[in-house]
Amino acid sequence: MYIYLRSALARLNQAQSFEAGADALLDALQGGFERAHPGRDAALHQSAVHLRTDQSYVSLVTRNASPSTTPTCEGARSAELWNWTRRFGRSFIVDTRLHRLRLTDDTTEGGWLDLGGESSPLPLTASVVRFLEQEATHLLVIPLCTSQSALAGMITLEFCAPTYTGEFFPPQAGIEALESYVELLAHALLHLPVKVPGPTETLRDDPLLPVVGRAMAPRVNLLKAFAHHDECLLIAGPTGCGKSRIARWCHSQSRHGDGPFEVLDLLTVPEAMQMAHLVGWRRGAFSGATSHVDGAVTRARGGTLFIDEIDKLSLETQAGLLHLLEERSFQVLGESGGRRQAEVRFIVGTNADLQHEVSEGRFREDLYYRINVLPVELPPLAERSDEIAAWAAFMLRRCANDAGAGAWSFTPEALRTLEAQRWPGNLRELDNVVRRAFIIARSRPEPEGAHTIPPGVVERALSLGGRPERTSISAPLEQAARAFIHLALRARERGMPAGGLDLDLSEAFSAYIIEQAVAWTDDKAEAFCLLGCANLVEHKNHHRRYRRAQEAVAALLRAESDILQEPPR
Ligand SMILES: Nc1ncnc2c1ncn2[C@@H]1O[C@H](COP(=O)(O)OP(=O)(O)OP(=O)(O)O)[C@@H](O)[C@H]1O
């Protein structure tokens, strides 16, 4: 058997990436197993190396016994496996037919733990049952630990051995051999870097994911694999880092890509109405329910439902969503008759630390494990600095296209200025600054055809504060009012003609709100509804109002620029 170990060690020494090393490890495990079980009564059906942090995947390498097996991350289908690995910190086997689990170092007679049942610490949820009802009859999970014994992931080995149902399988000696392979190879494996493509890759053809830098590349590889699955995908990451776009991208890559992509943003739904918005209601279901309304699950039928800000879910709706995810069915409020099937793939997004929410009792632990099946954490833009220039160029091109303004670009120094910023508001903030820089640049007298943005304009766009803050409004308003008056005084001192900056221009404030709301929601109609102007949307007048808002912002920037450039008398 050591022949497999030796060859794996040689390959690990040559490997350039974690993925190549994990491949060598899986080969060794497969070789070792087949050598011990040459018969036809048992086969290694699927194996996988999961590299994880507590909260999300870092990399996943899978191997299927036959090409007909569903490819990629079958072993990742159950968040419970990771939960149990963290809980026991040791290897265990699961007898999937008899629904029981045993620690591999427990050789006592009654060492099996029943899954489910009243006294069981391991609940037998519907998702566990679905998982257990797969082809595999036995499952061996071996923790992947660093040399300091810190848990860094797990190895899952799914066996098809029906004649061994009810027995400890693989036999103890076989398990010990496999465990020792993992132990011997883990150290070298965990030192290897996760695979990334060389320089920042720009996917020009895909507006949902136009830029993938070094930190994002492994995540995108994972998301590509996860996109084909029907299990819930959890996308975590700080505000504005692109979670909704990535969710949409995953939808476009999935087999439901032609179906609808529906978003339920819990920030915009009152707590008492969350369940209603999820499942819909019939007329008379509650006071105020004057007509039948489809819920998000129905609207997303045959496609994907993205539930954003999942941490905002009330405890009551958390129970409802758990049931929906477990049973894949739901009851429309006020509808008599049976439950409806939920034919939809769920993706959820959050910028909260859900584990912390669980520990504070604000988020149900069982729901956390149910949605945490395929978790991916997106890094903030500060950790993706190799992407900033490509994003800025992409966003500027989009701005210029929308305005029919031809080809625009940043000078290399301007890009360096952008790269030097911290971007606490992430891509959203960068987008705001790019839009602002474009407006300022267009309002400047420029030589014909010179559509470039210099660093000075970027500095101005930055100083005009594109930094979204969800704090009080009165303090910045007061500051803006003072700045406005200060500028007016300055214009008067310089004897500038009235009209350069008069009170009408203060209308630019509402224009700014409109502009920001459109940038924030990335949807004109939604932005106007958010600002209480649904009537404009209804009569399709919001496009004109948005153009006027853009002109008002540009006029204010022009007036401000003129006053600041006028020398004192
Ligand atoms: N693919 C993209 N193309 C253009 N702009 C993008 C793209 N991805 C992100 N952005 C910019 O970043 C903003 C935020 O993106 P998105 O809404 O996907 O982030 P988020 O992480 O879901 O934010 P939040 O946590 O606040 O919901 C967008 O409004 C847009 O300005």
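Look above for the structure.
Residues numbered from 1 in each chain as written. Predicted model: local features only at pLDDT ≥ 70, side-chain atom pairs only at ≥ 80, totals over all residues. Heavy atoms only, no water.

Draft legend 1. The sheet that holds strand S14 (residues 304–308), seen in detail. Taking strand neighbours across the sheet as the criterion, the five strands line up as S11-S14-S17-S10-S18 in an open arrangement whose pairing is parallel. The open sheet has two edge strands with one neighbour each: strand S11 (261–265) and strand S18 (374–377). Across the sheet, the mean angle from the axis of one strand to that of its neighbour is 20 degrees, orientation sign disregarded. As defined by bridge partners, S11 adjoins S14 across five bridges and the pair is classed as parallel. (Pairing = 2+ DSSP bridges. Helix = DSSP H or I, 4+ residues; strand = E, 2+ residues; numbered from the N terminus. Axes fitted to C-alpha atoms, helices over the stretch in contact; angles between N-to-C directions.)

Draft legend 2. Summary view of the site of the ligand. Around the ligand there are 23 residues in total, and Pro-207, Thr-239, Lys-243, Ser-244 and Asp-431 lie nearest to it. A distance of 3.2 Å is found between a nitrogen atom of the ligand and a backbone nitrogen or oxygen belonging to Leu-208. Here the ligand, which alone exposes 620 Å², has 95% of that area covered by the protein. Grouping the amino acids of the shell around the ligand by side-chain chemistry returns ten nonpolar, five polar and eight charged. (Near = heavy atom within 4 Å. Polar contact = N/O pair within 3.5 Å; in protein donor to acceptor, adjacent residues only side chain to side chain. Areas by Shrake-Rupley, 256 points an atom, 1.4 Å probe, with all protein chains shown as cover. Nonpolar A, V, L, I, M, F, W, Y, C, P; charged D, E, K, R; others polar.)

Draft legend 3. Structural detail: the packing of helix H13 (residues 388–402) against helix H14 (residues 412–419). Where H13 contacts H14, the two axes come as close as 9 Å, and the packing angle between them is 115 degrees. For the element pair H13 and H14, the recorded crossing hand is right-handed. Each of Ile-388, Ala-389 and Ala-392 in H13 lies in contact with H14, whose residues at this interface are Leu-415, Leu-418 and Glu-419. The residue makeup of the contact of H13 with H14, split by class, is five nonpolar, no polar and one charged. (Left-handed = near helix turned anticlockwise from the far one by under 90°. Contact = heavy atoms within 4.5 Å.)

Draft legend 4. Highlighting the sheet that holds strand S1 (residues 43–52). Pairing within the open sheet is antiparallel, and its seven strands lie in the order S2-S1-S7-S6-S3-S4-S5. The open sheet has two edge strands, strand S2 (57–64) and strand S5 (113–114), and neither has a second partner. Pairing of S1 with S2 involves seven bridges; the strand directions are antiparallel. Directly across from Val-49, in S2, lies its bridge partner Val-61. Contacts from helix H2 (residues 18–36) reach S1, S2 and strand S7 (151–160), with the element oriented near 40 degrees to S2. In the packing of helix H3 (residues 79–88) onto the sheet, contacts are made with S1, strand S3 (92–95), strand S4 (100–103), S5, strand S6 (138–145) and S7, and the angle to S7 comes to roughly 120 degrees.

Draft legend 5. How the structure looks around H14. Those residues of H14 lying buried are Ala-414, Leu-415, Thr-417 and Leu-418. Along the axis of H14, the buried residues cluster in a sector spanning 155 degrees; they form a single face. Looking at the buried positions of H14, the neighbouring elements they touch are H13, strand S19 (409–410), helix H15 (426–443), strand S20 (452–453) and helix H16 (455–463). (Buried < 20%, exposed > 50% of the residue type's maximum accessible area, 1.4 Å probe, protein only. Arc of directions from axis to C-beta.)

Draft legend 6. Summary view of the packing of aromatic side chains. Taken as a whole and judged by the stated rule, the model has 13 aromatic pairs. Here Trp-391 and Phe-394 contribute two aromatic rings whose centre-to-centre distance is 6.0 Å and whose plane-to-plane angle is 85 degrees, an arrangement assigned as edge-to-face. A residue pair is termed a helical-turn pair when its members lie 3 or 4 positions apart in one helix, as Trp-391 and Phe-394 do in helix H13 at three residues. You'll find Trp-391 and Phe-394 in the same group, each marked buried. Each member of the aromatic cluster is reached from another via a ring pair, and the members are Phe-33, Phe-159, Tyr-164 and Phe-169. (Phe/Tyr/Trp six-rings, centres within 6.5 Å; stacked < 30°, edge-to-face > 60°.)

Draft legend 7. Structural detail: the pairing of S6. Within S6, seven of the eight residues are buried, which leaves it mostly tucked inside the rest of the structure. When S3 meets S6, the two strands line up antiparallel, connected through four bridges. Residue Asp-95 lies in a different strand from S6, and its bridge partner there is His-138. With eight bridges joining them, S6 and S7 adopt antiparallel strand pairing. Each residue of the ladder has a partner; that of His-138, found in S7, is Phe-159.

Draft legend 8. Structural context of the pairing of S1. With nine of ten residues buried, S1 lies mostly within the body of the structure. The antiparallel hairpin formed by S1 and S2 contains four residues in its connecting segment.

Draft legend 9. Spatial organisation of the nonpolar core. Trp-408, Phe-410, Leu-418, Trp-423, Leu-430 and Ile-453 are the most contacted members of the largest nonpolar core, which has 50 residues in total. Those elements that place two or more of their residues in this core are H13, H14, H15, H16, helix H18 (508–521), helix H19 (524–530) and helix H21 (542–565). Ranked by the residues each element gives to this core, the list is headed by H13, at ten residues. (Core = buried A, V, L, I, M, F, W, Y, C linked by side-chain atoms within 4.5 Å.)

Draft legend 10. Seen up close, the environment of Phe-88. By the element assignment, Phe-88 lies in helix H3. The sequence separation of Phe-88 and Pro-143 amounts to 55 residues, and the corresponding C-alpha distance is 9.4 Å.

Draft legend 11. Local environment of the pattern of salt bridges. This model, assessed by the stated rule, comprises 20 salt bridges. The salt bridge partner of Asp-23 is Arg-11, with a shortest N-O separation of 3.9 Å. Here Asp-23 is found in helix H2, whereas its partner Arg-11 is found in helix H1 (residues 2–14), with twelve residues between them in sequence. The class of Arg-11 is partly exposed, set by a relative accessible area of 34%. Linking Glu-335 and Arg-282 is a salt bridge whose minimum nitrogen-to-oxygen distance equals 2.9 Å. Linking Glu-335 in the loop between strand S15 (329–330) and strand S16 (340–341) with Arg-282 in the loop between strand S12 (280–281) and strand S13 (293–294), this pair joins segments that are 53 residues apart in sequence. For Glu-335, a relative accessible area of 16% translates into the label buried. Note on Arg-282: relative accessible area 31%, which makes it partly exposed. Connected through salt bridges with shared partners, the residues Arg-11, Asp-23, Asp-27 and Arg-63 form a single ionic network. (Salt bridge = Lys/Arg side-chain N within 4 Å of Asp/Glu carboxyl O.)

Draft legend 12. Region of the structure containing the side chain of His-542. Of note, His-542 is situated in helix H21. Residues within four places of His-542 in sequence aside, it is in contact with Lys-524, Ala-525, Phe-528, Leu-536 and Val-537.

Draft legend 13. Broad picture of H1. End to end, H1 covers 19 Å across 13 residues, agreeing with the expected 18 Å (1.5 Å per residue, within 8%). Here H1 has its buried residues at Leu-5, Ala-8 and Leu-12. One side of H1 holds all its buried residues, which, seen down the axis, span an arc of 65 degrees. The exposed residues of H1 that point more than 90 degrees off its buried face are Ile-3, Arg-6, Asn-13 and Gln-14. In this structure, the buried side of H1 is in contact with H2 and helix H5 (172–190). (Expected span 1.5 Å × (residues − 1).)

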